[in-house]
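An overview of the molecular structure
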Amino acid sequence: MAFMAATSDCDPLRLEGLQTLHQIIDKFAKVPEPEFPGHLLLEQFQAQVGAALRPAFAPETASHVTAAACQVCSAWIGSGVARDLNDLRRVHQLLVSSLAKLQRVSNSPYIYNESLATLERLSILKAWAEVYIVAMTGNDTEPHKCEGDIDSDREFGDFESRGESLLILVQPELMSLSRHWLAALKDHALLSLPPEFASQLPH
């Protein structure tokens, strides 16, 4: 149902489908597959998730739909359902394609709805930031696990160097992302200035 809604031609229905997909990932990402010990329930739906997200990254897609899809991408990548680099790459490529929208929006003189364009840009940057945090957390910087967490990892099997795999995917985009992240932080800092510093805001 979520797949059908997310791939609909109707934007409101697509949004509902993406939101439903996001909720499914949040609630079922850690649920084990009862018939195949050591696997997760959502593993068998990896292809469907990628197919449901792909239309939202088409150039003609509305900004708010792409923004919602970016959040689903980061939730899926961070969920740990994808166990190897090839599985991660399917959804990662969608996020890579979204970076082109950052360049196009910033350079285009034809922005008909600036608020939606800003929402899309921030959603893309947020999704990448969440993926980067997951990558760094899983790459030997994760806090010490308690015994229960270790037992849980053994039950579901080891992920294939998940943090390292994510870093391999994120690393090529870090230079560009860092510039956009810094620009967003500067804008936030300017907008957060108290009234007495209003004269410092750009006009």
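Here we summarise the structure given alongside this text. Here the structure is a predicted model, which means the values were calculated and not measured.

Cut-offs and rules
- Residues numbered from 1 in each chain as written.
- Predicted model: local features only at pLDDT ≥ 70, side-chain atom pairs only at ≥ 80, totals over all residues.
- Heavy atoms only, no water.
- Axes fitted to C-alpha atoms, helices over the stretch in contact; angles between N-to-C directions.
- Helix = DSSP H or I, 4+ residues; strand = E, 2+ residues; numbered from the N terminus.
- Parallel < 35°, antiparallel > 145°, perpendicular 65-115°, else oblique.
- Left-handed = near helix turned anticlockwise from the far one by under 90°.
- Contact = heavy atoms within 4.5 Å.
- Nonpolar A, V, L, I, M, F, W, Y, C, P; charged D, E, K, R; others polar.
- Phe/Tyr/Trp six-rings, centres within 6.5 Å; stacked < 30°, edge-to-face > 60°.
- Buried < 20%, exposed > 50% of the residue type's maximum accessible area, 1.4 Å probe, protein only.
- Salt bridge = Lys/Arg side-chain N within 4 Å of Asp/Glu carboxyl O.

Quick notes on the packing of helix H6 (residues 114–138) against helix H9 (residues 174–191)
Between two packed helices, the angle of one axis relative to the other and the distance separating the axes together describe the packing. At their nearest, the axes of H6 and H9 sit 11 Å apart, and the two run at 120° to each other. Here H9 runs oblique to H6, going by the angle between their axes. Where H6 crosses over H9, the handedness of that crossing is left-handed. The segment H6 lies against H9, with Arg121, Leu122, Leu125, Trp128, Ala129 and Tyr132 engaging Leu174, Leu177, His180, Trp181 and Ala184. Partitioned by chemical class, the residues of the contact of H6 with H9 number 9 nonpolar, 1 polar and 1 charged.

Focus on the packing of aromatic side chains
Applying the stated criterion across every chain, the model contains 1 aromatic pair. Between the aromatic rings of tyrosine 132 and tryptophan 181, the centroid separation amounts to 6.0 Å while the plane-to-plane angle is 35°, which identifies the pairing as tilted. Here tyrosine 132 is found in helix H6, whereas its partner tryptophan 181 is found in helix H9, with 49 residues between them in sequence. For tyrosine 132, a relative accessible area of 25% corresponds to the partly exposed category.

Here we look at the pattern of salt bridges
Pairing is possible between side chains that carry opposite charge, provided their charged atoms lie close to one another. Tallying each qualifying case throughout the model produces 2 salt bridges. Between lysine 101 and glutamate 120 there is a salt bridge, with its nearest N and O atoms 2.9 Å apart. Highlighted residues: lysine 101 in helix H5 (residues 85–107) and glutamate 120 in helix H6, separated in sequence by 19 residues. What makes glutamate 120 buried here is its relative accessible area of 3%.

Geometric values such as these leave the question of function open.
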